[in-house]
Amino acid sequence: MKKTEGLGPAVLLVFLFFLIWEMAARAVNMVFILPPPTGILSKLWELREPLFAEHLPSTLAVIMIGLAISVVVGAGIAVWMSISSAAEKALYPLIISSQMIPIIALAPIFVLWFGYSIWSKVVVTVLITFFPITVNTYDGLQSASKDLRELMMTMGAGKKEIFFKLLLPAALPHFYSGLKVAVTLSVIGAAIGEWLGAQAGLGYFSRRMMTQFDGAAVFAPIILLAAIGIVLFILVKLMENKSLKWRKTS
Amino acid sequence: MSKCGRERNKKVLQFENVAFSYHDKKQGRSVPVLQNINIDMYDREFIAIIGPSGSGKSTLFRLISGLENPDEGRIFINGEVQKCRLGKVGYMPQQDLLMPWRTVIENAALPLELKGVRKEEAHKQILPLLEEFGLRGMEHRFPHELSGGMKQRVSFLRTSLSGSNVLLLDEPFSALDAITRLSMQEWLMNQWEKRKATIVLVTHDVSEALFLADRIFIFTERPVRSLQEVNVPLGRPRRLNDLNEPAIISLKNDLIEQLRGKVIT
């Protein structure tokens, strides 16, 4: 309830923003540089065939494959670090410093390695999305109460039982926080990957339209990219509410 | 588990010349907590242990439950020295320590699950118990929806489902308000009378110890070299009014005086 009430001002602000944009664009009257929102929408409709049939599925594939790999690898590394202090000592600093490398600058090398195939884009997506998942899940696994762990030991619980019945449930809220950050980043990752070299995809399409000075057609796929991010975020939020019922009721 | 009456001479818990010291990492030396301790606790006894904070009461529990091992001496549970005491006694911690993601019934089922009892089977066992634990209709609530007293009862239910005949309660009521505490003490006594268990209760509340226990052990010095033992001169069943007997009042004052002299500040 609280949430929907809270959305009112945001909707109003966005509406106002588009209204001013619309008026400014009409005043400037240079459609190829600053297209009005209505112009972008009509362009979206006009280009619906290539956008929805070709470019959207291509980008979605990159995002979904990238996220899937990130979740498996990211959560896997987090679990490994939490059960082995040697792994933690070796990997944790590396994972932190991997984020200091500008991945966008590194991306061309993936095109060199993987060519224009889907994998060069997937690698970029994975590299920016695994970090929030790994770090949050790892923190979550560390967050389990020591007292509860000892209590389980007094009940005769072994390592495996402590992991599945204590560490994992305690880490789940943290994992979801990481995943929410990751899904928004995944859209950026896929778009960057496509700029560098692709034959299809929303990022690729947007960039190609830039070279043709078609402002509205640059924006149209960006709307779709944003929509993907929002929809993915909502999906994760729904999954979170469903599996963390105990938190929602508070 | 069918015992007829109390077998007063059957020892369920026994310390034999137990010594323990913990390693203080900050100071880099070991600090002795218990030295040469001998304790006997008998079947279906209610034992209270009182002492100021930091006097080694919790250490005693960590030793019994198997979280720590003695440096010297032996600990017998039900007449045997267990190689690993973990899982052999029921331990109820000071905070309720319920898992926030589990409902009442799921929390209570934890010790059964760890013993390999199937979930449905465990729940079937627990449902009839909820009534006498004052938790009827609460089985699907989460801990944050319960009052402090209810949480403690869930915690005690979980402890008693450990299936052990020795239950260790570590200041279970210290976080409760005075009124709730009184009714929980009466409730605990009823539970103990119904169950065939030996209860060891750590507390810093002298009245609580006198009201509930058959014998009271007092931790005063640090390290603990010997335990002073007091037999509570009250029969059973007891009522709260019994605490007003002159003999009990003077015993209470003695105990408080002793503890006050030894508070480690």
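Residues numbered from 1 in each chain as written. Chains lettered and ligands numbered in written order. Predicted model: local features only at pLDDT ≥ 70, side-chain atom pairs only at ≥ 80, totals over all residues.

S.K.: Just to check I follow, could you spell out the overall build of chain B for this structure?
M.R.: Looking only at helices and strands, chain B features 7 helices and 10 strands. Here the C-alpha atoms of chain B give a radius of gyration of 19 Å, agreeing with the 18 Å that 2.2 N^0.38 yields for 265 residues. Viewed in the frame of its principal axes, chain B has a C-alpha envelope of about 50 × 45 × 40 Å. Across chain B, every contact between residues at least 6 apart in sequence was considered, and the portion connecting residues at least 24 apart equals 70%. (Helix = DSSP H or I, 4+ residues; strand = E, 2+ residues; numbered from the N terminus. Rg over C-alpha atoms; globule rule 2.2 N^0.38 Å. Contact = placed C-beta atoms within 7 Å.)

S.K.: Please explain the overall build of chain A as it appears in this structure.
M.R.: For chain A, the count of helices and strands is 11 helices and 0 strands. Going from the N terminus to the C terminus, chain A shows its helices and strands as α-α-α-α-α-α-α-α-α-α-α. If one aligns the C-alpha atoms of chain A with their principal axes, the spans along those axes are about 75 × 50 × 30 Å. Looking at chain A as a whole, 35% of its 250 residues are labelled buried. Put simply, of all contacts in chain A between residues at least 6 apart along the chain, 76% involve residues at least 24 apart. (Buried ≥ 20, exposed ≤ 12 C-beta atoms within 10 Å, placed from the backbone.)

S.K.: So what exactly am I meant to see when it comes to the UniProt feature "domain: ABC transporter" (unreviewed entry) in chain B here?
M.R.: Cross-referencing UniProt, the feature "domain: ABC transporter" (unreviewed entry) maps to residues 13-246 of chain B in the present numbering. With 31% helix and 26% strand, residues 13-246 of chain B has end C-alpha atoms that lie 32 Å from one another. (UniProt positions renumbered as here; feature names shortened; annotations may be inferred.)

S.K.: Hey, could you run me through the UniProt feature "domain: ABC transmembrane type-1" (unreviewed entry) in chain A in this one?
M.R.: Per the UniProt record, "domain: ABC transmembrane type-1" (unreviewed entry) is found at residues 56-236 of chain A. Span residues 56-236 of chain A is 87% helix and 0% strand, its end C-alpha atoms 20 Å apart.

S.K.: What am I meant to see in the packing of helix α5 (residues 103-114) of chain A against helix α8 (residues 159-196) of chain A here?
M.R.: Pairs of packed helices are described in terms of their axes, by the angle between the two and the distance that separates them. Residue and element names in this part refer to chain A. Running from amino to carboxyl end, α5 crosses α8 at an angle of 55°, the nearest separation of the two axes being 9 Å. Taken together, the axes of α5 and α8 lie oblique to each other. Handedness of the crossing formed by α5 with α8: right-handed. Packed against α5, whose contacting residues are Ile104, Ala107, Pro108 and Val111, the element α8 presents Ile192, Gly193 and Leu196 at the interface. A breakdown of the residues in the contact of α5 with α8 according to their chemical character gives 6 nonpolar, 1 polar and no charged. (Axes fitted to C-alpha atoms, helices over the stretch in contact; angles between N-to-C directions. Parallel < 35°, antiparallel > 145°, perpendicular 65-115°, else oblique. Left-handed = near helix turned anticlockwise from the far one by under 90°. Nonpolar A, V, L, I, M, F, W, Y, C, P; charged D, E, K, R; others polar.)

S.K.: Help me understand the interface of chain A and chain B in this model?
M.R.: Many descriptions give the size of an interface as the accessible area lost when the pieces come together. The partner chain B presents 18 residues to the 14 residues of chain A that form the contact. Elements that contribute at least two residues to the side of chain A that touches chain B include exactly α7 (146-154) and α8 of chain A. Ranked by residue count, the leading element in the side of chain A that touches chain B is α7 of chain A, at 6 residues. Residue classes in the side of chain A that touches chain B are distributed as 7 nonpolar, 4 polar and 3 charged.

S.K.: Just to check I follow, could you spell out the domain arrangement of chain B for this structure?
M.R.: Residue and element names in this part refer to chain B. We note that the domain assignment places domain 1 (10-22 + 31-89 + 164-265) and domain 2 (99-163) within chain B. For domain 1 versus domain 2, the separation of C-alpha centres amounts to 25 Å. Each side of the interface is counted separately: domain 1 has 9 residues, and domain 2 has 8 residues. Class assignment for the residues of the side of domain 1 that touches domain 2 results in 6 nonpolar, 2 polar and 1 charged. (Domains from an automatic or database assignment.)

S.K.: When you look at the pairing of strand β8 (residues 198-203) of chain B in this model, what are you seeing that I'm missing?
M.R.: Moving residue by residue along a regular strand, the side chains alternate between the two faces of the sheet. All names here are of chain B. Burial of β8 is extensive: 6 of the 6 residues sit out of reach of the surface. Pairing of strand β7 (residues 166-170) with β8 involves 5 bridges; the strand directions are parallel. Looking across to β8, one finds that Asp170 is bridged to Val202. Taken together, β7, helix α5 (residues 178-194) and β8 constitute a β-α-β crossover, and its handedness is right-handed. (Pairing = 2+ DSSP bridges. Right-handed = clockwise from strand over helix to strand, strands pointing away.)

S.K.: Please explain the environment of Ser120 of chain A as it appears in this structure.
M.R.: All names here are of chain A. Mapped onto the secondary structure, Ser120 falls in helix α6 (residues 118-142). You can call Ser120 buried: it has 23 C-beta atoms within 10 Å. Remark: the alpha-carbon pair of Ser120 and Ile95, spanning 25 residues in sequence, is separated by 20 Å. Apart from the residues lying within four places of it in its own chain, the contact partners of Ser120 are Phe110, Val111, Phe114, Gly115, Gly193 and Gly197.

S.K.: Explain unusual backbone geometry to me, please; I cannot follow it from the model alone.
M.R.: What you tend to see is this: most non-glycine residues have negative phi, and most peptide bonds are trans. Residues and elements named next belong to chain B. Following Arg236, the chain continues to Pro237 via a peptide bond in cis, the omega torsion being -5°. Counting through the fold element by element, Pro237 comes out in the loop between β10 (228-231) and α7 (246-262). For Asn36, which is not a glycine, the phi torsion comes out positive at approximately 55°. Looking at the element boundaries, Asn36 is found in strand β2 (residues 29-42). The class for Asn36 is partly exposed, based on 15 C-beta atoms found within 10 Å. Phi is positive for Leu97, which is not a glycine, with a value near 50°. Within the secondary structure, Leu97 sits in the loop between β6 (90-92) and α2 (104-114).

S.K.: What's the story with helix α1 (residues 57-65) of chain B in this structure? I'm lost.
M.R.: What sets the pattern is the α-helix's 3.6 residues per turn: residues three or four places apart point alike. Residues and elements named next belong to chain B. Extensive coverage of α1 is indicated by the burial of 8 of its 9 residues. Listed as buried for α1 are Lys57, Thr59, Leu60, Phe61, Arg62, Leu63, Ile64 and Ser65. Directly beyond the C-terminal end of α1, a positive phi value near 95° is found at Gly66.

S.K.: Got a minute to help me understand the sheet that holds β2 of chain B in this structure?
M.R.: What holds strands together in a sheet is hydrogen bonding between their backbones, with the strands either parallel or antiparallel. Residue and element names in this part refer to chain B. The strand order across the open sheet formed by 4 strands is β2-β1-β4-β5, and the pairing between neighbours is antiparallel. Each edge of the sheet is formed by a strand with only one pairing partner; in this case those strands are β2 and β5 (80-81). By the bridge criterion, 5 bridges tie strand β1 (residues 11-24) to strand β4 (residues 72-77) in an arrangement that is antiparallel. Paired with Phe15 across the strands is Ile75, a residue of β4. Most of the contacts of α1 go to β1, to which it runs at about 115°, and overall it touches β1, β2 and β4.

S.K.: Mind showing me how you'd approach the nonpolar core here?
M.R.: In summary, soluble globular proteins display a tendency toward joint burial of nonpolar side chains. Core analysis: the biggest nonpolar cluster contains 119 residues, and Ile47, Ala48, Ile49, Leu168, Leu201 and Ala213 of chain B have the highest contact counts within it. Sort the elements by how many residues they give to this core and α8 of chain A lands first, with 13 residues. Residue contributions to this core reach at least three from each of two domains, namely domain 1 (10-22 + 31-89 + 164-265) and domain 2 (99-163) of chain B. (Core = buried A, V, L, I, M, F, W, Y, C linked by C-beta atoms within 7 Å.)

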